[in-house]
Amino acid sequence: GKTLENAPLLNYSNTYDYFPRSGSAFIQDKIQFSRDGSILSVGVRWDFLDARAQRPIVEFIPTSNDEFQQIVTGTAKSSFKQQFSPRLAFAAPMGPSSMFFVNFGHYFQFPLFEYLYSGTNPAQLRSGAKNVLSGNPDLLPERTIAWEIGYKHAIDENFVGSLTYFRKNMQNQIDSKTLIPFDSKAAGDYGFAQYVNNAEADATGLEFVIGREHDDKISGSISYTYMVTEGTSEMANQSINLAQWGFPIKSTAFPLSWDQRHTVKMDAEIKLPFNIQTNLIVWYNTGKPYTFFPTRDGFTSIDSTKDFVPNNARMNSILFANLKFSRRFEFGEQQTYSVTVYADARNLFNTKNVRWIDSNGRIGGELSDPSAYYDLRRVRVGATLDF
């Protein structure tokens, strides 16, 4: 925070001393039906967390116009958190060379202790210290509901194709929220920020894969994936970071930074004459999102009528190709040691793939940082000795 005359120093302390308890148990069974070879797997997992901490109850007492005194009037004990998570998987043949499968499950993840306990030291609270961002011992676990449904078909003895639809829903994700007195006209030096469970996200997509297996000369696969990933927050500190820069965001879903709509990937292993092994990997994906919000000084918008929406623009598409040749030579009466000679080329086509763009649309920012691009072509030639 910026220095304010006659104001207490902001506190970034994350010192705490607590003794939480957690545990889990699960039971699972697999059933195979002899009639058609179908397999059903059913299970349930139980997890619990007892933070064994108390959440401070903070009140603001008016001292004068637009001035408040922050006091802790009491504490509330954090509740015992637990969840039963069902898991289900089913696969059934649909003819001599096809199968259908479904996977479904609930998963959840406990918050980091930093998000539970930082800034809740009772001694600091009694002294009136104002933490920039306080933990919340009563945070709920982040919950994910995931399922996929697919179909796999053996085209012939070498080729296998599959089509899979998947979806994930993430709830109770952790974000930060700034709380200010209800009748305060501006936050100023009053109020506090705390971690809360007010973010969620969805990911859904479709994947198509064709693979060539069980072939000595050439094997590999080619896949295409279409995916959409949107949410209301990308990281636990996002809301407070944006608020400090004066960028309040609307509570609407937006594409997350790893939202990669179209992806094509090919990998192949080819055995050439003279026992030369070739590995080829090529992948292409459409551009990931970034936030385009031109400003004059880093926080004052050039267009004051434009709402701030994260990840409202897209970078260029990315193409990578890696190619490696290798040849193994064995020596000794019983081939006791070997030497492998190789040539490895990364980014074979020397494509200038963009890694990041600043909010004014400049690759590498105003200093044209070269790290804003992925590495250009690199070729390594070498040998390894095994004995």
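Source: prediction; values computed, not measured.

1. Quick word on unusual backbone geometry
(1) Moving on: The phi dihedral of N172 is positive, around 60°, even though this residue is not glycine.
(2) Moving on: Position of N172 relative to the elements: it lies in strand β8 (residues 159-179).
(3) Moving on: N172 sits in the partly exposed class, given a relative accessible area of 21%.
(4) Moving on: The residue S368 is not glycine, and still its phi comes out positive at about 50°.
(5) Moving on: Looking at where S368 falls in the secondary structure, it is placed in the loop between β17 (337-346) and β18 (378-386).
(6) Moving on: Take S368: its relative accessible area is 52%, and that puts it in the exposed class.

2. Concerning the pairing of strand β10 (residues 218-231)
A regular strand carries its side chains on alternate faces of the sheet.
(1) Moving on: Note: β10 against strand β12 (residues 262-272), nine bridges, orientation antiparallel. Within β12, the position partnered with S219 by the bridge is E269.
(2) Moving on: The sheet contact formed by β10 and strand β11 (residues 254-255) spans two bridges and is antiparallel. Bridging across to β11, E230 finds its partner in P255.

3. Remarks on the pattern of salt bridges
(1) Moving on: Taken as a whole and assessed by the stated rule, the structure comprises 11 salt bridges.
(2) Moving on: In this structure, the salt-bridge partner of D259 is R261, at a minimum N-O distance of 2.7 Å.
(3) Moving on: Since its relative accessible area comes to 22%, R261 is described here as partly exposed.

4. Thoughts on the confidence of the model for the chain
(1) Moving on: Mean pLDDT for the chain: 85, with 84% of residues reaching 70 or above.
(2) Moving on: Confidence drops under a pLDDT of 50 for residues 181-190, and excluding neighbours within four residues, the segment shows 18 contacts in the predicted structure.

How each quantity is defined
Residues numbered from 1 in each chain as written. Predicted model: local features only at pLDDT ≥ 70, side-chain atom pairs only at ≥ 80, totals over all residues. Heavy atoms only, no water. Helix = DSSP H or I, 4+ residues; strand = E, 2+ residues; numbered from the N terminus. Buried < 20%, exposed > 50% of the residue type's maximum accessible area, 1.4 Å probe, protein only. Pairing = 2+ DSSP bridges. Salt bridge = Lys/Arg side-chain N within 4 Å of Asp/Glu carboxyl O. pLDDT = per-residue confidence, 0-100. Contact = heavy atoms within 4.5 Å.

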